[in-house]
Amino acid sequence: MKKLLIPALAVAVASAALPAAAQSYDRHGPSRGPSYEQNYNGWNAISQRKHNLDRRIDQGVRNRQLSYREASRLKDELNSLVRLERSYMRGGLTRWERQDLDRRYDSLSSKVRYERNDYNGRRH
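An account of the accompanying structure is given in this report. Since this is a predicted model, take the numbers as computed values, not measurements.

This brings us to the overall build of the chain. Each helix and strand in the chain was counted, giving four helices and zero strands. Mapped in sequence order, the helices and strands of the chain form the string α-α-α-α. Residues counted as buried form 35% of the 124 residues belonging to the chain. Within the chain, residue pairs in contact and separated by at least 24 positions form 64% of the contacts whose partners lie at least 6 positions apart. Entry remark: accessible area of the chain is about 8300 Å², with carbon and sulfur atoms responsible for 52%.

The interhelical angle for the contact between helix α3 (residues 68–89) and helix α4 (residues 95–116), taken along N-to-C directions, is 175°, at an axis separation of 11 Å. As judged from the angle between their axes, α3 and α4 are roughly antiparallel. Between α3, through E70, R73, L74, E77, L78, L81, V82, L84, E85 and Y88, and α4, the contact on the second element is made entirely by W96, E97, D100, L101, R104, Y105, L108, K111, V112 and E115. Classifying every residue of the contact of α3 with α4 gives 11 nonpolar, no polar and nine charged.

With 17 residues, helix α2 (residues 46–62) extends 24 Å from end C-alpha to end C-alpha; this agrees with the ideal 24 Å at 1.5 Å per step. R64 lies just past α2 and shows a positive phi near 60°.

Tracing the backbone shows R104 in helix α4. For R104, a relative accessible area of 37% translates into the label partly exposed. In sequence terms R104 and E77 are 27 residues apart; their C-alpha atoms lie 10.0 Å from each other. Other than its neighbours up to four places away in sequence, R104 contacts L81 and L84.

Now for the pattern of salt bridges. Per the counting criterion, the structure on display carries nine salt bridges. A salt bridge links D102 to R49, with the shortest nitrogen-to-oxygen separation between them at 2.2 Å. A residue pair is termed long-range when its members are at least 10 positions apart, and D102 in helix α4 and R49 in helix α2 qualify at 53 residues. Between E77 and K111 there is a salt bridge; the shortest N-O distance is 2.9 Å.

It is worth spelling out the side chain of D100 at this point. Turning to its location among the elements, D100 is positioned in helix α4. Taking the relative accessible area as the measure of exposure, D100 reaches 2% and is therefore buried. Of the polar contacts made by the side chain of D100, one reaches the side chain of Y88; its length is 2.6 Å. Setting aside anything within four residues of it in sequence, one finds D100 in contact with L84 and Y88.

Right, let's get into the nonpolar core. Taken as a class, soluble globular proteins show a tendency for nonpolar side chains to be buried jointly. In this structure, L53, I57, L74, L93, L101, Y105 and L108 are the most contacted members of the largest nonpolar core, which totals 16 residues. When residues of this core are assigned to their parent elements, the largest contribution, seven residues, is made by α3. Residues in contact with Y105, not counting those within four places in the same chain, are I46, R49, K50, L53, L78, L81, V82 and E85.

Cut-offs applied
Residues numbered from 1 in each chain as written. Predicted model: local features only at pLDDT ≥ 70, side-chain atom pairs only at ≥ 80, totals over all residues. Heavy atoms only, no water. Helix = DSSP H or I, 4+ residues; strand = E, 2+ residues; numbered from the N terminus. Buried < 20%, exposed > 50% of the residue type's maximum accessible area, 1.4 Å probe, protein only. Contact = heavy atoms within 4.5 Å. Areas by Shrake-Rupley, 256 points an atom, 1.4 Å probe, with all protein chains shown as cover. Axes fitted to C-alpha atoms, helices over the stretch in contact; angles between N-to-C directions. Parallel < 35°, antiparallel > 145°, perpendicular 65-115°, else oblique. Nonpolar A, V, L, I, M, F, W, Y, C, P; charged D, E, K, R; others polar. Expected span 1.5 Å × (residues − 1). Salt bridge = Lys/Arg side-chain N within 4 Å of Asp/Glu carboxyl O. Polar contact = N/O pair within 3.5 Å; in protein donor to acceptor, adjacent residues only side chain to side chain. Core = buried A, V, L, I, M, F, W, Y, C linked by side-chain atoms within 4.5 Å.

Structure follows, in structure tokens:
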């Protein structure tokens with residue numbers, strides 16, 4: 001069941017990104033950045049970052065680096081970040097929104113790394 005859910009979520013995220021991917025990018029425009037799915041100056045597509053974080057959380061559970069409670073909390077945070085991303089995308093991503101999402105994904109990535117290496121309260 002879980003193996004079917006992840007590809008379905010990936011398709012849903014990708015389909016939500018299509019309208020934003022179609023918008024053009026004016027390099028000299030004041031507030032708009034590159035299209036959503038582009039890799040521009042080191043910017044990874046948000047859907048790819050979401051997929052990578054989801055995979056890392058699942059691996060942490062499989063390897064017993066994350067407890068069920070930790071994984072659930074991290075997935076909830078990831079899902080709220082995806083909801084924020086969809087909200088931002090309604091009018092196209094501004095540079096500030098893109099930077100905000102990037103900062104939030106970086107923060108969540110750090111939390112996943114920390115939680116996977118905290119030994120769940122056990123001595124190492």
